[in-house]
Amino acid sequence: MKLALALFFTLAGSFAAAAASDPVEMYLSNFSPLRGDKTISSSDALLRLELDLDGDGQYEVLLSMARDQDGDNGNVWSVYANTTAGYTGAGTITFHPKSFYLGPIDDLGDYGLVTFKPGLGGEGMLVAYLFNGTAVHEIEIASITRDPESGQLRGQGLIDKYMNQAANGADAVTSTNAATLAKKFGIKVDAKGNQPQQSDRFSAASSPDSSSSSEAVPSPSLSPNSKASWSIPWMLLGAILALAAVGAVVWIKRG
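Only a predicted model underlies this, so the values are computations on that prediction, with no experimental measurement involved.

Asks: Before we move on, can you summarise the pattern of salt bridges with the specific residues and values?
Replies: For the structure on display, the rule yields six salt bridges. A salt bridge links Asp107 to Lys161; its shortest N-O distance comes to 3.0 Å. Note that Asp107 is positioned in the loop between strand S6 (101-105) and strand S7 (110-118) and Lys161 in helix H3 (residues 156-163), a separation of 54 residues in sequence. Under the relative-accessibility criterion, Lys161 is labelled partly exposed at 31%. A salt bridge links Arg154 to Asp147; the shortest N-O distance between them is 3.1 Å. Residue classification places Arg154 among the partly exposed positions, given a relative accessible area of 45%. Sharing partners across several salt bridges, the network here consists of Asp106, Asp107 and Lys161.

Have a look at this one:
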C-alpha cells in the first residue's frame, strides 16, 4: 500500500512538473490580451523571444500574441522565468523587438531592458524593466518633454544614450501559427479569424500565419430593411384610420 502511494505521488509530481515545463502552455491557458477577444483566432500567431533580462546567463522566455499590442508602445510580452521547479510567470513588459536596449543601465546602477514609450509631438517616457529573478518591475528613467520656449526636447540625450544602442531582436523572434498551437496544445481556434486589428510597427509579426482581420461591430440601430418592415404597418394603419374617418363623415351626413 505504501509503495503504491509513493508511486502515485511520484507520478503526480511528474505530471505537475510537466505541466509547468512549457511556458507556451501556461501562456495559452491564461491568455488575456490588452484589447480584444480572448478567443484564439485562426489568423493569430504566437511570438516567442528569449532574453537574458538580468544578465545572469539564464534566458527568460517572452511570449506575446502578434495582435496583443499597446498602440505605439509595442507588443505586450508575458515573461516566464526558468526555475528549478519549471517555468513560472514573472509579469509583463511592453516593447518593440526592433527597438529596445538590453544591458547595464548607468542611470539606475542596474541591468535590464530599456525602451522608449512615445507620446505626442516627440514627447514620451524612457522606462526600464528590471528582473530580480522572480518578477519584472517597470521604472521610469526620465520623462521626455518639450521646452515651451526653445521647442527642444528635454531628455533627448538620455534617449540617444540608450536607444542608439538599441538591439534588434526581430531576427530572434519565432512565430507559431494558430493551427500548430491547436494541434500541439488542443486549444480551440475560431475558424472565422475575426480579431480586432491593432497597429503594428513590427513587420516580423505580420506574416501569412499571423495576419489579423477586423470586423465592424454591428450597430444597435435598426438596419434599413428592418426600418422598412416597421414603416409599412404604420402606413397601413394610417390609411385604415383615414378611410374610417371619411366613412363616418358620410354616414353622419346621410343620417
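Asks: Describe the sheet that holds strand S9 (residues 136-146), with residues and values.
Replies: Backbone hydrogen bonds are what pair the strands of a sheet, in a parallel or an antiparallel way. If you trace the five strands from one edge of the open sheet to the other, you get S6-S7-S8-S9-S10, paired in antiparallel fashion. Strands with a single pairing partner mark the edges of an open sheet, and in this sheet they are S6 and strand S10 (153-154). Bridging between S6 and S7 involves five bridges; their strand directions are antiparallel. Looking at S7, one finds that Gly103 is bridged to Gly112. Against the sheet, H3 contacts S6, S7, strand S8 (124-131), S9 and S10, and its axis sits at roughly 120° relative to S7.

Asks: Outline the pairing of S7, supporting the account with residue identities and numerical values.
Replies: Linking S6 to S7, which pair antiparallel, is a turn of four residues; within it Gly109 sits at a positive phi near 65°. In this structure, S7 lies alongside S8, joined through six bridges in antiparallel fashion. Paired with Pro118 across the bridge in S8 is Gly124. The antiparallel hairpin formed by S7 and S8 contains five residues in its connecting segment, where Gly121 sits at a positive phi of about 65°.

Asks: Kindly report on the pairing of S9, identifying the contributing residues and their values.
Replies: Inspection of the sheet shows S8 paired to S9 by eight bridges, in the antiparallel sense. Considered in S9, the bridge of Val127 is made with Glu140. Two strands pair when backbone bridges link them, and S9 and S10 are joined in this way by two bridges, in the antiparallel orientation. Following the sheet pairing, Thr145 is matched in S10 by Arg154. Taking the residues between adjacent antiparallel strands as the criterion, S9 and S10 are bridged by six residues, where Gly151 takes a positive phi near 80°.

Asks: Report on the sheet that holds strand S11 (residues 174-177), specifying residues and quantitative values.
Replies: Strands sit in the order S5-S4-S3-S2-S11 across an open sheet of five strands; the sheet is antiparallel. On the outer flanks of this sheet lie strand S5 (86-95) and S11, each paired with one strand and no other. Between one strand and the next, the sheet's axes are offset by a mean angle of 25°, whatever the strand orientation.

Asks: I'd like a description of the environment of Thr115, backed by residues and values.
Replies: Topologically, Thr115 is positioned in strand S7. Judged by its relative accessible area of 3%, Thr115 falls in the buried class. Those residues within four positions of Thr115 in sequence are excluded, and the remaining contacts are Thr94, Phe95, Ser99, Met125, Leu126, Val127, Tyr129 and Met163.

Asks: Let's hear about the confidence of the model for the chain: which residues, and what values?
Replies: Put simply, the chain has an average pLDDT of 76, and 67% of its residues get 70 or more. Across the chain, the secondary-structure element scoring lowest on mean pLDDT is helix H1 (residues 2-19), at 40, and the one scoring highest is strand S3 (residues 60-65), at 98. Ignoring residues within four places in sequence, the model shows residues 1-19, a span with pLDDT below 50, making two contacts including any to other chains.

Asks: Break down the packing of aromatic side chains for me, citing the residues and quoting the values.
Replies: Per the stated rule, a full pass over the model turns up four aromatic pairs. Summarising the aromatic geometry, the rings of Tyr27 and Phe31 are spaced 5.8 Å apart at their centres and angled 45° between planes, so their arrangement reads as tilted. Classification of Tyr27 by relative accessible area gives buried; the value is 4%. Ring geometry for Phe95 against Phe100: centres 5.1 Å apart, planes inclined by 65°, an arrangement best described as edge-to-face. Residue Phe95 is classed as buried on the basis of its relative accessible area, which comes to 0%. For Phe100, a relative accessible area of 1% puts it in the buried group. By the ring-pair criterion, three or more aromatic residues cluster together here, those being Trp77, Phe95 and Phe100.

Asks: Would you mind going over the side chain of Ser64 in detail, with residue names and values included?
Replies: Summarising the element assignment, Ser64 is placed in strand S3. A polar atom in the side chain of Ser64 sits 2.9 Å from the backbone oxygen of Val76. Apart from residues lying up to four places away in sequence, Ser64 is in contact with Tyr27, Ala45, Leu46, Leu47, Asn75, Val76 and Trp77.

The rules behind these values
- Residues numbered from 1 in each chain as written.
- Predicted model: local features only at pLDDT ≥ 70, side-chain atom pairs only at ≥ 80, totals over all residues.
- Heavy atoms only, no water.
- Salt bridge = Lys/Arg side-chain N within 4 Å of Asp/Glu carboxyl O.
- Helix = DSSP H or I, 4+ residues; strand = E, 2+ residues; numbered from the N terminus.
- Buried < 20%, exposed > 50% of the residue type's maximum accessible area, 1.4 Å probe, protein only.
- Pairing = 2+ DSSP bridges.
- Contact = heavy atoms within 4.5 Å.
- Axes fitted to C-alpha atoms, helices over the stretch in contact; angles between N-to-C directions.
- pLDDT = per-residue confidence, 0-100.
- Phe/Tyr/Trp six-rings, centres within 6.5 Å; stacked < 30°, edge-to-face > 60°.
- Polar contact = N/O pair within 3.5 Å; in protein donor to acceptor, adjacent residues only side chain to side chain.

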